[in-house]
Amino acid sequence: MKAVVTVMLKHGVLDPQGKAIGQALNHLGFDQVGEVRAGKIIELELTETDPAAAKVAAEDMARKLLANTVIESFKVEIAA
Amino acid sequence: MKAAILLFPGINRERDMVLAVRQSFAQEPQIVWHKETELPAGIDLVILPGGFSFGDYLRCGAMAAHSPIMRAVKDHAARGGYVLGVCNGFQILTEAGILPGALLRNASLRFLSMDTVLSVERADTVFTNHWQKGATFRAPMAHGDGNYNADEETLNRLEGENLVAFRYADQNRNGAARDIAGIFSPNLRVLGLMPHPENLVDPLMGGIDGKPLFDALAAA
């Protein structure tokens, strides 16, 4: 069972990397790009076979390590 | 005061700390590998030095915060033990929840490798009592993620309870909230700061601006 954890900075937290990416895209001619926020995706292969249990476990992992909940939010998706 | 210096893979400033402790404490500090589960007997001060523990993978200090030795460090702090975290050490302390807030990427995205000037916000702690309140001193910076941040409630609490240890006095180059360069725990026995006082403790280094911090600890 694969868990995909997406970690993003919380709204309101300054994202200078996102800002730099946005500026670079503008320089490349993509004028339609406004605010940019960059995060990370962590894919976990779990031995768990029950999707609900896998989700709970992945959320626990996200809270304990994968995301710093002071400044980041996360979401977990389970793929077969 | 007996000092132990923690060593995680990727830490690179432990020898600077050994030197600073030797100069001020006239003792040889113990170096403790991160995989140990206990601190040596009789340790009063645990120091977390700077560097790039675990390559800053995931987030700075995120992995180190879960190293086996950190359980003992948390217990030591809970018992009223002294802890000093510098740079990556400060990051590890916030990731471990021993100090509040988080250190984000510098607002300018530039790695800062230069001196800054810090102001001493209170001089009545074991770390700062060799300075006067309001004193300023030079400290070298070497960080890409020194932008201290916390939610408004936490920042207001830190200010209200007088737990800000040092502020950037000349220029805030990393964007840290309220110009915060370092903070104390509520019992004033845990200090985390981003700049490196240990790198100005001998005239040969270019100054002794950071020596009062170590002298104060040694005299405690």
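Residues numbered from 1 in each chain as written. Chains lettered and ligands numbered in written order. Predicted model: local features only at pLDDT ≥ 70, side-chain atom pairs only at ≥ 80, totals over all residues. Heavy atoms only, no water.

**Side note on the overall build of chain A**
Within chain A one finds two helices and three strands. Along its sequence from the N terminus, chain A presents helices and strands in the succession β-α-β-α-β. In summary, chain A has a C-alpha radius of gyration of 16 Å against a globular reference of 12 Å for 80 residues, an excess of more than 25%. With the C-alpha coordinates of chain A rotated into their principal frame, the extents come out at 45 × 25 × 15 Å. A burial count over chain A gives 30% of its 80 residues as buried. Considering only contacts in chain A between residues 6 or more positions apart, those separated by 24 or more positions represent 73%. Summing over all exposed atoms, chain A offers an accessible surface of approximately 5,000 Å²; the carbon and sulfur share of this is 58%. Treating the 9 positive side-chain charges of chain A as one cloud and the 11 negative ones as another, the clouds have centres 5 Å apart. (Helix = DSSP H or I, 4+ residues; strand = E, 2+ residues; numbered from the N terminus. Rg over C-alpha atoms; globule rule 2.2 N^0.38 Å. Buried < 20%, exposed > 50% of the residue type's maximum accessible area, 1.4 Å probe, protein only. Contact = heavy atoms within 4.5 Å. Areas by Shrake-Rupley, 256 points an atom, 1.4 Å probe, with all protein chains shown as cover. Lys, Arg positive; Asp, Glu negative; His and termini not counted. Charge placed at Lys NZ, Arg CZ, Asp CG, Glu CD.)

**Let's talk about the environment of Leu48 of chain B**
All names here are of chain B. Within the secondary structure, Leu48 sits in strand 3 (residues 45-48). Of the residues examined, Leu48 reaches a relative accessible area of 0% and is grouped as buried. Among residues more than four places away in sequence, those in contact with Leu48 are Leu6, Phe8, Met70, Val83, Leu84, Gly85, Val86, Gly89, Ile92 and Leu93.

**What to know about the sheet that holds strand 1 (residues 2-9) of chain A**
All names here are of chain A. With antiparallel pairing, three strands are arranged side by side in an open sheet as 2-1-3. The open sheet is flanked by strand 2 (40-45) and strand 3 (72-79), the only strands paired with a single partner. Adjacent strand axes in the sheet meet at a mean angle of 20 degrees, parallel and antiparallel pairs treated alike. The pairing of strand 1 with strand 3 spans eight bridges and is classified as antiparallel. Note on strand 3: the bridge partner recorded for Thr6 is Lys75. (Pairing = 2+ DSSP bridges. Axes fitted to C-alpha atoms, helices over the stretch in contact; angles between N-to-C directions.)

**Describing helix 1 (residues 16-27) of chain A**
Residue and element names in this part refer to chain A. A rise of 1.5 Å per residue sets the reference length of helix 1, with its 12 residues, at 16 Å; its end C-alpha atoms lie 16 Å apart and thus fit the reference within 8%. Three or more residues of helix 1 are buried, namely Pro16, Gly18 and Gly22. Relative to the axis of helix 1, the buried residues are bounded by an arc of 160 degrees and lie together on one face. At the C-terminal side of helix 1, Gly29 shows a positive phi close to 105 degrees. (Expected span 1.5 Å × (residues − 1). Arc of directions from axis to C-beta.)

**A closer look at the packing of aromatic side chains**
All names here are of chain B. Enumeration according to the criterion identifies six aromatic pairs over all chains in this entry. Look at Phe52 and Phe111: their rings are 6.5 Å apart centre to centre, the planes differ by 25 degrees, and that puts the pair in the stacked class. You can see Phe52 sitting in the loop between strand 3 and helix 2 (69-78) and its partner Phe111 sitting in the loop between strand 5 (102-104) and strand 6 (112-120), a full 59 residues away along the chain. Note on Phe111: relative accessible area 44%, which makes it partly exposed. Residues Phe137 and Phe166 carry aromatic rings whose centres are separated by 5.6 Å and whose planes lie at 80 degrees to one another, so their mutual orientation is edge-to-face. Placement of the pair is Phe137 in strand 7 (residues 136-143) and Phe166 in strand 9 (residues 164-168), with a sequence separation of 29 residues. Of the two residues, Phe137 and Phe166, neither departs from the other in class, the shared state being buried. By way of ring pairs, the aromatic residues Trp131, Phe137 and Phe166 are connected into one cluster. (Phe/Tyr/Trp six-rings, centres within 6.5 Å; stacked < 30°, edge-to-face > 60°.)

**Looking at the pattern of salt bridges**
Residue and element names in this part refer to chain B. This model, assessed by the stated rule, comprises 20 salt bridges over all chains. Between Arg71 and Asp75 there is a salt bridge, with its nearest N and O atoms 3.5 Å apart. Highlighted residues: Arg71 and Asp75, both in helix 2, separated by four residues, approximately one helical turn. Residue classification places Arg71 among the exposed positions, given a relative accessible area of 51%. Here Arg105 makes a salt bridge to Asp145, at a shortest N to O gap of 2.9 Å. Of this pair, Arg105 sits in the loop between strand 5 and strand 6 while Asp145 sits in the loop between strand 7 and strand 8 (147-149), and the two are 40 residues apart along the sequence. Taking relative accessible area as the criterion, Asp145 reaches 13% and is therefore assigned buried. (Salt bridge = Lys/Arg side-chain N within 4 Å of Asp/Glu carboxyl O.)

**Points about unusual backbone geometry**
All names here are of chain B. The backbone phi angle of Phe54 is positive, close to 50 degrees, even though this residue is not glycine. One can find Phe54 in the loop between strand 3 and helix 2. Located in the positive-phi region is Leu109, a residue other than glycine, with phi close to 65 degrees.

**Considering the side chain of Asn106 of chain B**
Among the secondary structure elements, Asn106 of chain B is positioned in the loop between strand 5 and strand 6. A relative accessible area of 0% means that Asn106 of chain B is categorised as buried. A distance of 2.9 Å separates the side chain of Asn106 of chain B from the backbone oxygen of Arg110 of chain B, its partner in a polar contact. A polar contact is formed between the side chain of Asn106 of chain B and the backbone oxygen of His143 of chain B, at a distance of 2.9 Å. Leaving out residues up to four positions away in the same chain, Asn106 of chain B has contacts with Pro16 of chain A together with Phe111, Leu112, His143, Gly144, Asp145, Gly146, Asn147 and Asn174 of chain B. (Polar contact = N/O pair within 3.5 Å; in protein donor to acceptor, adjacent residues only side chain to side chain.)

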